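Spelled out, the chains give:
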Amino acid sequence: MKNLYIVALIFGYAACIIANSVRAEQGREAGANISGLMLNRLCPQPKEAAFFDGEYLLDEKSRVTISMPNEVSKEERSDIGAIFLKYWKFIPQLEFVKKAENANLGEEGYLINIGGGIGIDAKDIIGLKQSLKTLRQLAEACRDGRGYVFQHARIKDYAALKFRGMHICIFPETTLEQLEKYIRLAGYYKFNYLIIEPWGVFPFKSHPEFAYAEKKLDRKKFKKLIELCYELGITPIPQLSILGHASQSRVNTIKHAVLANHPEFENIFETYGWSYCMSSRRAESVLMDLITEIYDFYGKPPFFHLGCDEAYDMGSCYECRKHDIANLLLSHITKFNKYINKLGARSIIWHDMFLDSADPRWEKHVAIGKGACLPSQKHHNSGLAIQP
Ligand SMILES: [Zn+2]
């Protein structure tokens, strides 16, 4: 019995040596200046990070050991190889092993050990991709040689939020090259959702009048950028406002993507042209066409942003003002929310028009501050009571 115990101990010790072979070469903890430099490169900051004296050179001869709880498919292996090629211009020797306990690493979780080699324990393929982004942020091009140098380190991280989003606008002045840069940066910093809002530039087929004639995005090139989002692990979310910002511009520019060339659409907007009319059946029909088209173009994602912010002149036409503004707004939003649900998505909206602009608690939170409200908004927004 005693002998069996000793044998078990020896086996356990040997397994421990193998598992920790990378860590064993990590040495002493690095000075605060080095740790500070490394941490400064990492965004978002990992939950745990320790840096040690010594550097590791990653080149095509290196072996990178990757463990996952399940078998890694051939497609996933080639996907990971392609990421190495993109990030560092070569694919090192990748060794995949199975490790059941990685299932406990947390959402998108991973543990990186850099010492005599690079070892990555990942919860799943997303966790593995996140770990490679972390390595990419840490990597330094080898001075006067090939490969990339990494400070010895132990980094553990997982996602605290399932939805990590940013909102970017495509103005008529935005180039597709700029847009690509924003998308790639969002991926680099581990965002997984991007609301992408075209401002008078989406090339609608259903209603071509709903964009500046000379500023429409090239359909094929824009589609490639939508596909790029998915490749980078980002779900693109379309935005199309169903209320304010109907001009697809800022209020003080006096620009209007539709009415400038198509005054025949004036009856779907409020009199100022800023908000869509909530009583117009024609507005409802056009908006649903636009929503369906842009939703399909973005690959039918699980969310759709309906805007609804800064609707200064909402409900001000002769038909709308016959109704209680709160009920009118509630039925408008409910109607479009149901439509979005039918498409298979959840709605996102700005909340500022639900706040009472006269209530001092919401100062600076209603539109861009109380001072920005038009008299019509002050009238209509006072006492607005919609339950979320
Ligand atoms: Zn109206």
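Definitions and cut-offs
- Residues numbered from 1 in each chain as written.
- Predicted model: local features only at pLDDT ≥ 70, side-chain atom pairs only at ≥ 80, totals over all residues.
- Heavy atoms only, no water.
- pLDDT = per-residue confidence, 0-100.
- Contact = heavy atoms within 4.5 Å.
- Donors = N, O, S within 2.8 Å, 3.2 Å for Na, K, Ca; no water.
- Tetrahedral: all angles 85-135°; square planar, octahedral: opposite > 155°, others 65-115°.
- Helix = DSSP H or I, 4+ residues; strand = E, 2+ residues; numbered from the N terminus.
- Buried < 20%, exposed > 50% of the residue type's maximum accessible area, 1.4 Å probe, protein only.
- Salt bridge = Lys/Arg side-chain N within 4 Å of Asp/Glu carboxyl O.
- Phe/Tyr/Trp six-rings, centres within 6.5 Å; stacked < 30°, edge-to-face > 60°.
- Core = buried A, V, L, I, M, F, W, Y, C linked by side-chain atoms within 4.5 Å.
- Pairing = 2+ DSSP bridges.

**Section: the confidence of the model for the protein**
Move 1: Per-residue confidence for the protein gives a mean pLDDT of 89, with 88% of residues at or over 70.
Move 2: Below a pLDDT of 50 lies the segment residues 4-19, which in the model reaches zero contacts outside its immediate sequence neighbourhood of four places, other chains included.
Move 3: In the model, residues 368-388 has pLDDT below 50 throughout and makes 43 contacts with residues more than four positions away in sequence or in other chains.

**Brief notes about the coordination of the zinc ion**
Move 1: Donor atoms from the polypeptide that bind the zinc ion are E270 (OE), C277 (SG), C317 (SG) and C320 (SG), placed at 2.1 to 2.3 Å.
Move 2: Around the zinc ion sit four donor atoms; with metal-centred angles ranging over 101 to 124°, the donor geometry is tetrahedral.
Move 3: Sequence positions of the residues that donate to the zinc ion give the spacing E-x6-C-x39-C-x2-C. Here C317 lies in the loop between β11 (303-305) and α9 (325-343) and C277 lies in the loop between β10 (235-238) and α8 (281-297), a separation of 40 residues in the sequence.
Move 4: Overall, C277 belongs to the buried group, its relative accessible area being 7%.

**Considerations on the pattern of salt bridges**
When the charged atoms of two side chains with opposite charge come close together, those side chains can pair.
Move 1: Summed over all chains, the structure comprises 19 salt bridges.
Move 2: R361 is the partner of D359 in a salt bridge, and the nearest nitrogen-oxygen pair spans 2.8 Å.
Move 3: Look at D359 and you get buried, because its relative accessible area is 16%.

**Quick notes on the environment of A32**
Move 1: Assignment of secondary structure puts A32 in helix α3 (residues 32-41).
Move 2: Residue classification places A32 among the exposed residues on the basis of a relative accessible area of 69%.

**A look at the packing of aromatic side chains**
Move 1: Under the counting rule described, the total for this entry stands at 17 aromatic pairs.
Move 2: Seen in terms of ring centroids, F84 and W88 are 5.3 Å apart; in terms of plane orientation they differ by 50°. Their pairing is tilted. Residue F84 and its partner W88 are located together in helix α4 (residues 74-88), separated by four residues, close to a single helical turn. For the pair shown, F84 and W88 are each scored as buried.
Move 3: Ring centres of F222 and F297 lie 5.5 Å apart, and the angle between their planes is 20°; on these two criteria the pair is classed as stacked.

**Points about the nonpolar core**
Move 1: Core analysis: the largest hydrophobic core is formed by 56 residues, its most contacted members being L179, I183, I196, F210, F222 and I291.
Move 2: Counting residues per element, the ones that place at least two in this core are β8 (165-170), α6 (176-188), β9 (193-198), α7 (219-231), α8 and α9.
Move 3: Apart from residues lying up to four places away in sequence, I291 is in contact with L240, I242, F304, L306, F336, Y339, I340 and L343.
Move 4: Y87, F90, F96 and A153 belong to the second largest nonpolar core, which has 33 residues in total.

**As for the pairing of strand β7 (residues 148-157)**
Move 1: By the criterion of burial, β7 is predominantly enclosed, with seven of the ten residues buried.
Move 2: Two strands pair when backbone bridges link them, and strand β1 (residues 48-58) and β7 are joined in this way by eight bridges, in the antiparallel orientation. In the strand pairing of β7, F51 is matched with A153.
Move 3: As paired strands, strand β4 (residues 110-114) and β7 are joined by five bridges and run antiparallel to one another. Its bridge partner being in β7, N113 is matched across the sheet by R154.
Move 4: The pairing of strand β6 (residues 140-141) with β7 spans two bridges and is classified as antiparallel. Considered in β7, the bridge of E140 is made with V149.
Move 5: Here β6 folds back onto β7 in antiparallel fashion, the turn holding six residues, of which D144 has a positive phi close to 50°.

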